[in-house]
Number of protein chains: 2
Amino acid sequence: MRGVERLSAREAQRRDSWRALQAAAVDLVGRRGFAAVTVDDIAAAAGVSRRTFFNHFPTKAAALFDPDPDDAARLSGLLAAADGATDPWMALGAVCREYLTTHTATLAVRRRLTADPELAAYQQDAYRHIQTALDGWVRREYADPLAAALAAATTGAVLGAAFRAWDPDDPPDRFLDLVTRGFTLVRVSPGRAPGRAPGRR
Amino acid sequence: MRGVERLSAREAQRRDSWRALQAAAVDLVGRRGFAAVTVDDIAAAAGVSRRTFFNHFPTKAAALFDPDPDDAARLSGLLAAADGATDPWMALGAVCREYLTTHTATLAVRRRLTADPELAAYQQDAYRHIQTALDGWVRREYADPLAAALAAATTGAVLGAAFRAWDPDDPPDRFLDLVTRGFTLVRVSPGRAPGRAPGRR
DNA sequence: CTCTTCGTTGCACTCAGTGCAGTAAATGAC
DNA sequence: GTCATTTACTGCACTGAGTGCAACGAAGAG
């Protein structure tokens, strides 16, 4: 925790560029819209070269949505802590809520970004890192492969629906409420393991 | 049905180009992979110009997944026939199964396409037309807006999970079975209309 | 036959994304 | 301290997706 860990000058440099680029991207796209901002604009606003942008982000959309490495590690940690849950679906809901509570500051900005219809298309691609983390966990927790795939995909569906249903003018807590309601309105049963004992793990 | 309707020479011309392009796209990408095929390749294989490609499809991925207009109309018809269902979620499942039964011929090809990890990213974008059709229906059938958004998003999640869980070497019926199982493993409750009478419509 | 419509085409352009070579500064070994 | 190595950044050239525009020619309407 407080993972400041004394970073070397190089690490600090790299992190500064990363943050400057993401900040510039969010700012510019928030004001002009996704299509009206070029990678050159973002790089210039961040004070780095165009090539450096692609050293940090694989795509333009990634600059908007890629998680701070600390956050990514935190999600993995939360999921690991939920290993062996008796009710994996509700455990997923709890992990998501917990993960999102620390993001309330950026939620409104990103929600407004997705109001742009052209940007909505990038959401899927954008939150891939969450999907990836979920995929691994869910494969361990659900014996039934179809149920596992369903749980991961449905989690993404619930988060996306709650996100879109949320009015960014409302406080972020409302969004968390929607997530909670979503996880109760939708229910993924654990299924039955084709070759294993049903019910128990 | 048999909607041949005697098309004019122009309509026939346009439809021929459309089909030639989609056939060429599926064929080439199936053999070489998505990234190794350019729009020029597809246009050349279809015997039309590169510019004509973009007159028919907005993106390269669209050439692979955009539905034949007849199919799109059929989906709308199926949904309209399900208006006023007492159990909207199960009605959605039935519509999806019914819609997919006529696509068994192309299912295996498309499933193999998505095995390519770079192509999986395009799936979301690719099946947008289904999402769009669902969005409208679901907004009419679910009084609770969150439940409506959840139903549409979750339907996509179920179809996607079943599709990925399906082994394309197995007969297409197995895929339909997975869809059926998916719609029972996952359950979206109709929720409660914030301002209306609960339960009844 | 004449005028309009429209599918198609070629051309020029912007921009996303990649490969490669080079610079300069931070790092580590001695 | 010096020297070799690493590495963040940079510039340049290139491929390919997607768009705007003007033009050609055949189909359709009168």
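Residues numbered from 1 in each chain as written. Chains lettered and ligands numbered in written order. Predicted model: local features only at pLDDT ≥ 70, side-chain atom pairs only at ≥ 80, totals over all residues. Heavy atoms only, no water.

Before going further, it helps to spend a moment on the packing of helix H6 (residues 88-101) of chain A against helix H9 (residues 128-141) of chain A. Residues and elements named next belong to chain A. Packing of H6 against H9 brings their axes to within 12 Å, and their N-to-C directions diverge by 150°. Considering the angle they form, H6 stands roughly antiparallel to H9. Here the hand of the crossing between H6 and H9 comes out right-handed. Of H9, the residues touching H6 (which contributes Pro88, Ala91, Leu92 and Tyr99) are His129, Ile130, Leu134, Trp137, Val138 and Glu141. Each residue belonging to the contact of H6 with H9 can be placed in one class, and the counts come to eight nonpolar, one polar and one charged. (Axes fitted to C-alpha atoms, helices over the stretch in contact; angles between N-to-C directions. Helix = DSSP H or I, 4+ residues; strand = E, 2+ residues; numbered from the N terminus. Parallel < 35°, antiparallel > 145°, perpendicular 65-115°, else oblique. Left-handed = near helix turned anticlockwise from the far one by under 90°. Contact = heavy atoms within 4.5 Å. Nonpolar A, V, L, I, M, F, W, Y, C, P; charged D, E, K, R; others polar.)

A few words on the protein's contact with DNA strand C. The environment of DNA strand C is formed by 22 residues, the closest being A:Arg10, A:Arg50, A:Arg51, B:Arg10 and B:Ser17. For DNA strand C, the backbone portion of the atoms within 4 Å of the protein, that is sugar and phosphate, comes to 54%. At 2.3 Å from a base nitrogen of DNA strand C is found a side-chain nitrogen or oxygen belonging to A:Arg10. Between DNA strand C and A:Arg50 there is a distance of 2.2 Å, counted from a base nitrogen to a side-chain nitrogen or oxygen. Mapped onto the surface near DNA strand C, the elements with two or more residues apiece are helix H1 (9-32) and helix H3 (50-56) of chain A together with helix H1 (9-32) and helix H3 (50-56) of chain B. Each residue belonging to the surface near DNA strand C can be placed in one class, and the counts come to six nonpolar, nine polar and seven charged. (Near = heavy atom within 4 Å. Polar contact = N/O pair within 3.5 Å; in protein donor to acceptor, adjacent residues only side chain to side chain.)

Looking now at the packing of aromatic side chains. All names here are of chain A. A full pass over the atoms with the stated rule returns 14 aromatic pairs over all chains. Ring plane angle 80° and centroid distance 5.1 Å describe the contact between Phe53 and Phe54, whose orientation is recorded as edge-to-face. Relative accessible area serves as the criterion here: at 0%, Phe53 is assigned to the buried category. Here a set of aromatic residues connected by ring pairs shows up, and it is made of Trp18, Phe53, Phe54 and Phe57. The ring of Phe34 is capped by Lys60, whose NZ or CZ atom sits 4.2 Å from the centre of that ring. (Phe/Tyr/Trp six-rings, centres within 6.5 Å; stacked < 30°, edge-to-face > 60°. Buried < 20%, exposed > 50% of the residue type's maximum accessible area, 1.4 Å probe, protein only. Lys NZ or Arg CZ within 6 Å of the ring centre and 35° of its normal.)

It is worth spelling out the interface of chain B and chain A at this point. Listed per partner, the contact involves 25 residues of chain B and 25 residues of chain A. For the pairing of chain B and chain A, the buried interface totals around 1900 Å² over both sides, and the portion due to carbon and sulfur atoms is 71%. Ranking the residues of chain B by area buried against chain A places B:Leu146, B:Leu150 and B:Leu185 at the top, with a combined share of 32%. Between chain B and chain A we count two salt bridges in total. Counting the contacts that link chain B with chain A gives five residue pairs in polar contact (both at pLDDT 80 or more). Listing elements by their share of the side of chain B that touches chain A, those giving two or more residues are helix H8 (117-126), helix H10 (145-165), helix H11 (172-185) and strand S1 (186-188) of chain B. The leading source of residues in the side of chain B that touches chain A is H10(B), at 12 residues. Here the residues of the side of chain B that touches chain A sort into 15 nonpolar, five polar and five charged. Sheet topology places strand S1 (residues 186-188) of chain A next to S1(B); three bridges connect them, and they run antiparallel. Note that in S1(B) the partner of A:Arg187 across the bridge is B:Arg187. (Buried area = accessible area lost by both parts, 1.4 Å probe. Salt bridge = Lys/Arg side-chain N within 4 Å of Asp/Glu carboxyl O. Pairing = 2+ DSSP bridges.)

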